[in-house]
Amino acid sequence: VQLQASGGGLVQAGGSLRLSCAASGRTFSSYSMGWSRQAPGKERELVAAIYGTGGSTYYAESVKGRFTISRDDAKNTVYLQMNSLKPEDTAVYYCAAGRGYALRVAITGYNYWGQGTQVTVSS
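Residues numbered from 1 in each chain as written. Predicted model: local features only at pLDDT ≥ 70, side-chain atom pairs only at ≥ 80, totals over all residues. Heavy atoms only, no water.

Draft legend 1. Spatial organisation of the packing of aromatic side chains. Under the criterion given, the structure shown has 2 aromatic pairs. Where Tyr31 meets Tyr112, the ring centres are 6.1 Å apart and the plane angle is 80°; that geometry is what we call edge-to-face. Of this pair, Tyr31 sits in the loop between β3 (17–23) and β4 (32–38) while Tyr112 sits in strand β10 (residues 112–113); the two residues are 81 residues apart in sequence, bridging distant segments of the chain. Residue class for Tyr31 comes out buried when judged on its relative accessible area of 10%. In this structure, Arg44 packs its charged tip against the face of Tyr94, placed 3.8 Å from the ring centre. The cationic tip of Arg71 hangs over the ring face of Phe28; the distance from NZ or CZ to the ring centre is 4.7 Å. (Phe/Tyr/Trp six-rings, centres within 6.5 Å; stacked < 30°, edge-to-face > 60°. Helix = DSSP H or I, 4+ residues; strand = E, 2+ residues; numbered from the N terminus. Buried < 20%, exposed > 50% of the residue type's maximum accessible area, 1.4 Å probe, protein only. Lys NZ or Arg CZ within 6 Å of the ring centre and 35° of its normal.)

Draft legend 2. Seen up close, the side chain of Thr77. Within the secondary structure, Thr77 is located in strand β8 (residues 77–82). Looking at Thr77, the relative accessible area reads 10%, which means it is buried. In this structure the side chain of Thr77 is engaged in a polar contact, spanning 2.8 Å, whose partner is the backbone oxygen of Lys75. (Polar contact = N/O pair within 3.5 Å; in protein donor to acceptor, adjacent residues only side chain to side chain.)

Structure follows, in structure tokens:
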């Protein structure tokens, strides 16, 4: 699986961005798809994940109510809508795919990673 993320940029606090991640491969729907982020000097954290046509989801506490993950299996694409952005959301965001026909809620559950896209939120 190859993953290509896009949509990062510079936004003011309170603004919104939508990240997209296009995946290659024929079995996209079988993967748990996630978005993680890594800020300078910090560990990478999983912020959102989604699995299945029913759209089972996971969100880190820090983004609940502000971020929404979604997927379009027909387009092999996963999205992360980020609203009410805060300066502490500044990080490089990575999309990831995890095998196993289940929602993966830990970084270690992901097998494939895309290149990162920078999100910078100014105060």
